[in-house]
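Overview (structure and organization)
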Amino acid sequence: MDKPNWGTARMLDPFGRRISYLRVSVTDRCDLRCVYCMAEDMTFLPKAEVLTLEELDRLCGAFIDLGVERIRLTGGEPLVRKGVLSLFRSLGARIGAGGLQELTVTTNGTQLAGMAEPLFAAGVRRINVSLDTLDPATFKAVTRWGDLPRVLDGIFAAKAAGLAVKINAVALKGVNEHAYDRMLGWCGEHGFDLTLIETMPMGEISGDRTDQYLPLSTVHARLSEHWTLTPSAHRTGGPARYFTVEETGRRLGFITPLSHNFCESCNRVRLTCTGTLYMCLGQEDAADLRRPLRDPTLDRAGLDAAIRAAIARKPKGHDFVIARAAPPAVPRHMSMTGG
Ligand code: SAM
Ligand code: SF4
């Protein structure tokens, strides 16, 4: 494949930030119902509205040619989408000089036992697995439908397949807030990094989010009593700040969208499975890329122009606030844009 011309191809937003990272939610469906993410009785999109895997591949290809170097497939649960490995394979084939640098996935781990090896074969080298606790009863309570041993099997299959594993845990007041010491030790033992995430006000859920919100400054202070956490220079352009856990040598990340502003270094945009591009996780403005993608009168230049026009509208930052009785900052659920 021809090397794109970076001089004209790379995408800069109005604030001079280079857009090099695309997150793609390949499905809004999921086999779990985590309490902070979904209501139990979710209504999912009709299939006709969802892009085919071939369409998603074409759209991702356009982004790669416009300078996107990292793609993360997420969801919903990306690994429950039928045939999704074909998308991993076609995107994986674009990894190389001048094209895609990295293809990753965020998963709940339920399907990993059977899919870890094919993911590695497709070119995936790192995965994020969401796991909020190592206690089976708490895991069931948080995910409503989840089975912890199955997810642990998946995580160890991933490790055995050669995938680097990062565990993501959402910090939930009164639910898993005393689980992190054990998780940090467990991650150290098995060679996994750990990232803790503050809850974000996205989508209607059953409870009140102020009851779930646990500031990570509190968690950091508590963990520092037992672990030596040295600030790390590691940055991803995202909202995480990292520490090295000296006792294990592993990395500990804190994602604090509510208590810190991370927007100035933002390098990413998010695509939903319907072809809607969100330029910011915390804003409503979005661009419909399905129409230009499916429009038979538009050529590839038309699609590129639609993508560039969207990037030109990327806002400076988000407006997340968690306040009692406030409506969600954005009405869509995290499962639409995939976090
Ligand atoms: N199903 C996959 C998973 O759980 O890893 C991928 C999609 S999930 C929406 C991506 C990440 O978003 C997960 O780590 C999940 O814990 C996190 N998440 C979901 N809803 C959230 C919320 N309201 N606040 C903070 N993180 C959230
Ligand atoms: Fe599903 Fe992931 Fe949302 Fe949990 S966080 S309900 S696993 S999409």
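For the structure, check the block above.
Notes on the structure follow. Treat the numbers as computed from the prediction; the structure is a model and nothing was measured.

The next point concerns the site of ligand 1. Taken together, 19 residues lie near ligand 1, and Y36, G76, E77, S130 and M200 sit nearest. Measuring from an oxygen atom of ligand 1, one finds a side-chain N or O atom of Y36 at 3.1 Å. The separation between an oxygen atom of ligand 1 and a polar main-chain atom of T107 is 3.2 Å. When ligand 1 is considered free in solution it has 540 Å² of accessible area, and contact with the protein chains removes 95% of it. Elements with a contribution of two residues or more to the shell around ligand 1: β3 (102-107), β5 (164-171) and β6 (193-198). For the shell around ligand 1, the class distribution of residues is six nonpolar, ten polar and three charged.

Now for the site of ligand 2. Around ligand 2, the surrounding shell consists of C30, L32, R33, C34, C37, M38, G76 and N108. Partitioned by chemical class, the residues of the shell around ligand 2 number five nonpolar, two polar and one charged.

Turning next to the environment of K166. Among the structural elements, K166 can be located in strand β5. On the basis of relative accessibility, which here comes to 14%, the residue K166 falls in the buried class. In the structure, K166 is positioned eleven residues away from I155 in sequence and 9.7 Å away in space, judged by C-alpha atoms. Once you skip the residues sitting within four places of it in the chain, K166 turns out to touch I127, N128, V129, D193, L194 and T195. Side chain to side chain, K166 and T195 meet in a polar contact 3.1 Å long.

The rules behind each value
The numbering scheme is per chain: residues are counted from 1 as the chain's sequence reads. Throughout, the order in which chains and ligands are written sets their labels, letters from A for the former and numbers from 1 for the latter. Thresholds applied to this predicted model are a pLDDT of at least 70 for local features of residues and 80 or more for the giving and counting of side-chain atom pairs; totals over whole chains, interfaces and linings are not thresholded and use all residues. With hydrogens and water set aside, each side-chain value is computed from the structure's full complement of heavy atoms. Whether a residue is near a molecule or strand depends on its heavy atoms: it is near if one of them lies within 4 Å of it. For this analysis, a polar contact is any N or O atom pair within 3.5 Å, provided that within protein one partner can donate a hydrogen and the other can accept it, and provided that sequence-adjacent residues contribute only side-chain to side-chain pairs. For the area figures, the Shrake-Rupley method with a 1.4 Å probe applies, and any residue is considered shielded solely by the protein chains shown. The way it works is that DSSP assigns letters per residue, a run of H or I at least four long becomes a helix, a run of E at least two long becomes a strand, and they are numbered from the N terminus. Amino acids outside the nonpolar list (Ala, Val, Leu, Ile, Met, Phe, Trp, Tyr, Cys, Pro) and the charged list (Asp, Glu, Lys, Arg) are all regarded as polar, and Gly is one of them. Throughout this description, buried means an accessible area under 20% of the type-specific maximum (1.4 Å probe, protein chains only), exposed means over 50%, and partly exposed covers the range between. For this analysis, residues touch if any pair of their heavy atoms sits within 4.5 Å.

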